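Coordinate analysis (summary)
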Amino acid sequence: MVPHKTPRGAAALSHLKVFEGVPPPYDKVNRVVCPQALRVLNLRGGRRFTRVGRLSHEVGWKYQDTIKALEEKRKVRAAAFFERKKAATALRRQALENSRKEFTTPLLDRAGF
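Residues numbered from 1 in each chain as written. Predicted model: local features only at pLDDT ≥ 70, side-chain atom pairs only at ≥ 80, totals over all residues. Heavy atoms only, no water.

**Observations regarding the overall build of the chain**
Counting its regular elements, the chain contains five helices and zero strands. Relative to the compact-globule value of 13 Å for 113 residues, the chain shows a C-alpha radius of gyration of 25 Å, a clear excess of over 25%. Counting only C-alpha atoms, the chain reaches 75 × 35 × 35 Å along its principal axes. Going through the 113 residues of the chain one by one, you find that 3% of them count as buried. Counting every atom, the chain has about 11000 Å² of accessible surface; 61% of that belongs to carbon and sulfur. (Helix = DSSP H or I, 4+ residues; strand = E, 2+ residues; numbered from the N terminus. Rg over C-alpha atoms; globule rule 2.2 N^0.38 Å. Buried < 20%, exposed > 50% of the residue type's maximum accessible area, 1.4 Å probe, protein only. Areas by Shrake-Rupley, 256 points an atom, 1.4 Å probe, with all protein chains shown as cover.)

Here it is, written out as structure tokens:
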């Protein structure tokens, strides 16, 4: 619990940002993992846990299905982006190998380039 009636608690709550899903300014940012927050590292086996979405839904949050549908769409778009990125990386690698073959001279080989 945060002491929301004290100035310190009010300041702490004013810094809190909570979103449903991934909002537009953050959907293009790389996602990182915070190891200190991983359930696998912090909970012993057999311990009970819950997820915030499920808990919110049980107390009256109405948008769990909407967020699930949006998350599925995001995953499809992310998979398509990853496939395009893999294809572009493969093309770049192939072009680099082709250019090395084309522009290699015996002098460059001896120099280590």
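So, next bit.
**Focus: the environment of A69**
One can find A69 in helix α4 (residues 64–102). Assessed through its relative accessible area of 42%, A69 is described here as partly exposed. Between the alpha carbons of A69 and F81 there is a distance of 19 Å; along the sequence they are twelve residues apart.

**Observations regarding the layout of surface pockets**
Approximately 700 Å³ is the volume found for the largest pocket. Considering the residues around the largest pocket, the lining is formed by 21 residues, among which D27, R31, R74, R77 and A78 are closest to the centre. Tallied by class, the residues present in the lining of the largest pocket amount to eight nonpolar, three polar and ten charged. The calculated volume of the second largest pocket comes to roughly 320 Å³. Lining the second largest pocket, in full, are R51, V52, G53, R54, W61, Q64, I67, K68 and E71. (1 Å grid on protein atoms, 1.4 Å probe; cavity = no way out; pocket = protein on both sides within 12 Å on 5 of 7 lines; lining within 4 Å. Points joined across faces, edges and corners; volume = space filled by probe spheres on them. Nonpolar A, V, L, I, M, F, W, Y, C, P; charged D, E, K, R; others polar.)

**Section: the pattern of salt bridges**
Across all of its chains, the model carries three salt bridges by this definition. A salt bridge links R54 to E58; the shortest N-O distance between them is 3.3 Å. Linking R54 with E58, this pair stays in helix α3 (residues 52–58), spanning four residues, or about one helical turn. E58 sits in the exposed class, given a relative accessible area of 52%. With a closest N to O distance of 2.5 Å, R74 and E71 form a salt bridge. One end of the pair, R74, and the other, E71, are both in helix α4, three residues apart, so they sit about a helical turn from each other. (Salt bridge = Lys/Arg side-chain N within 4 Å of Asp/Glu carboxyl O.)

**Side note on a nonpolar patch on the surface**
A grouping of V2, L13, L16 and V18 is seen on the molecular surface, where their side chains present a nonpolar patch of about 380 Å² in accessible area. Mapping L13 onto the fold places it in helix α1 (residues 7–14). (Patch = residues over 30% accessible without salt bridge, like charges linked within 9 Å, V, L, I, M, F, W, Y side chains within 5 Å.)

**Regarding the confidence of the model for the chain**
Scored by pLDDT, the chain has a mean of 88; 99% of the residues are at 70 or more. Mean pLDDT across the elements of the chain ranges from a minimum in helix α5 (residues 106–111), with 75, to a maximum in α4, with 93. (pLDDT = per-residue confidence, 0-100.)

**Brief notes about the packing of aromatic side chains**
Summed over the entire model, instances satisfying the criterion amount to one aromatic pair. Seen in terms of ring centroids, F19 and Y26 are 5.6 Å apart; in terms of plane orientation they differ by 55°. Their pairing is tilted. Directly above the aromatic system of F49 lies the positively charged group of R39, at a separation of 3.9 Å from the ring centroid. (Phe/Tyr/Trp six-rings, centres within 6.5 Å; stacked < 30°, edge-to-face > 60°. Lys NZ or Arg CZ within 6 Å of the ring centre and 35° of its normal.)

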